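An overview of the molecular structure
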Amino acid sequence: MAAAEHIGDRLRVGTVRERTATYTSYDVTYRARTGPQTLTISGVLNVPSGRGPFPAVVLAHGYIDPAVYDRGQGMTRERGVLASRGYIALHVDYRGHAESTDDPRSDTDLRLGYSADVVAAVKALRASRQVPVDDDRIALMGRSMGGGVVMKALIAEPGLVQAASLWASVSSLEGENFDQFIRDDRDARQSAIVRAHGLPEQRPAFWRAASARPYLDRITEPVLIVHGRFDDICPPRWARATQAAMRRAGVDSTLEWYDDGHAFGPAFDAGMDRTIRYFDRRLG
């Protein structure tokens, strides 16, 4: 993925979903190209009221079964808060979700295609003449599975954005993610992954090479990690290990803990306030 050329353009702003006193929300699509592959990716765009230009955050949502996923699902709260605080927020649906083009490789590529969609979203924002975005003030934010998607996007395109935040993120080691989320499923996707790549204990070198952790030294952006002490989906030890690996790799990283679980209920507002202050400072 890091060797490929990623292009994002043709951002189309469509139907108005919602108008509030502080922002307007739209259905959007954009084009994502990686080498010869071209896909249309759908999403939801919140634009603050006013003239701009505005800083922007591209959002990478957590796992939701594509068969039941609806456009913009998974980070509605985050989109609204960011836009009400003066940030353009672009929620990426990923390939195979909502109105996005399907990609049969998504079952076995360990989310690399999703990361390519996020890279293309940043580039499509910058290429758009419809959206009043400040090209030099863009960040990434991913939660749960989206945290892993964001890590790989940062690795693939150093210097793509100015900051990033990982909320309740999956592990930076793909073997741990397989053990936690896939090994016991015994479904078609699990079988396809094992056929393609083998089990982590059978091919440890492959599974490590497919992980973000060995390449964290490619990340040039500051990263804020936000995690709940009571997270029973993505264990807190993953956040500690990822930040320790980032520090060893020379990444400017900060880890913030909250007394909350994976979904962030009581601590959501405090976590968002902290994240926005972080973006305010890092994006100027």
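Here is what the cut-offs are and how they apply
- Residues numbered from 1 in each chain as written.
- Predicted model: local features only at pLDDT ≥ 70, side-chain atom pairs only at ≥ 80, totals over all residues.
- Heavy atoms only, no water.
- UniProt positions renumbered as here; feature names shortened; annotations may be inferred.
- Helix = DSSP H or I, 4+ residues; strand = E, 2+ residues; numbered from the N terminus.
- 1 Å grid on protein atoms, 1.4 Å probe; cavity = no way out; pocket = protein on both sides within 12 Å on 5 of 7 lines; lining within 4 Å.
- Points joined across faces, edges and corners; volume = space filled by probe spheres on them.
- Nonpolar A, V, L, I, M, F, W, Y, C, P; charged D, E, K, R; others polar.
- Core = buried A, V, L, I, M, F, W, Y, C linked by side-chain atoms within 4.5 Å.
- Buried < 20%, exposed > 50% of the residue type's maximum accessible area, 1.4 Å probe, protein only.
- Contact = heavy atoms within 4.5 Å.
- Arc of directions from axis to C-beta.
- Axes fitted to C-alpha atoms, helices over the stretch in contact; angles between N-to-C directions.
- Parallel < 35°, antiparallel > 145°, perpendicular 65-115°, else oblique.
- Left-handed = near helix turned anticlockwise from the far one by under 90°.
- Expected span 1.5 Å × (residues − 1).
- Pairing = 2+ DSSP bridges.

A word on the UniProt feature "domain: Peptidase S9 prolyl oligopeptidase catalytic" (unreviewed entry) in the chain. Mapped onto the present numbering, the UniProt feature "domain: Peptidase S9 prolyl oligopeptidase catalytic" (unreviewed entry) falls on residues 80-265. With 38% helix and 18% strand, the stretch residues 80-265 has end C-alpha atoms that lie 16 Å from each other.

Attention now moves to empty space enclosed by the protein. In the structure shown here, the tally under the stated rule is one cavity of 30 Å³ or more. The volume enclosed by the largest cavity comes to roughly 50 Å³. If you list the elements that add at least two residues to the lining of the largest cavity, you get β8 (223-228) and α7 (236-248). Sort the elements by how many residues they give to the lining of the largest cavity and α7 lands first, with three residues. Partitioning the lining of the largest cavity into residue classes produces six nonpolar, three polar and no charged.

Attention now moves to the nonpolar core. If you look at the biggest cluster of nonpolar residues, it comprises 49 residues, and the most contacted ones within it are Y30, V58, I88, L125, L140, V223 and M246. Ranked by the residues each element gives to this core, the list is headed by helix α2 (residues 112-127), at eight residues. Non-local contacts of V58, meaning those with residues more than four positions away in its chain, are made with L90, V92, V118, A121, V122, L125, A139, L140 and M141. Counting 22 residues, the second-largest nonpolar core is a separate cluster that includes V57, W167, L224 and I276.

Now for helix α5 (residues 188-197). Residues spaced three or four apart along an α-helix face the same direction, because each turn holds 3.6 residues. Those residues of α5 that sit buried are R189, Q190, A192, I193 and H197. For α5, the angular spread of buried residues about the axis comes to 165 degrees, placing them on one side. Pointing more than 90 degrees away from the buried face of α5 are the exposed residues A188 and R195. The inward-facing, buried residues of α5 abut α4 (174-181) and α6 (204-209).

With that settled, consider the environment of L255. Looking at the secondary structure, you find L255 in strand β9 (residues 253-258). With 16 residues separating them along the chain, L255 and A239 place their C-alpha atoms 7.7 Å apart.

With that out of the way, let us pick up the packing of α2 against helix α3 (residues 145-156). It is at 8 Å that the axes of α2 and α3 come closest, and there the two elements cross at 70 degrees. Judged on the interaxial angle alone, α3 and α2 are roughly perpendicular. In this structure, α2 crosses over α3, and the sense of that crossing is right-handed. On the side of α2, the interface is formed by L112, Y114, S115, V118 and V119, while α3 contributes M145, G148, V149, K152 and A153. Residues belonging to the contact of α2 with α3 are distributed by class as follows: seven nonpolar, two polar and one charged.

Okay, α3 next. Over its 12 residues, α3 extends 17 Å from the first C-alpha to the last, a length consistent with the 16 Å expected when each residue adds 1.5 Å. Of all 12 residues that make up α3, 12 are buried, and the element is covered over most of its length. Along α3, the residues classified as buried are M145, G146, G147, G148, V149, V150, M151, K152, A153, L154, I155 and A156.

With that settled, the discussion passes to the pairing of β8. Along β8, six of the six residues are buried, which leaves the element largely enclosed by surrounding structure. Of the two faces of β8, the one holding V223, I225 and H227 and the one holding L224, V226 and G228 are both buried throughout. The pairing of strand β7 (residues 163-167) with β8 spans four bridges and is classified as parallel. Its bridge partner being in β8, A164 is matched across the sheet by V223.

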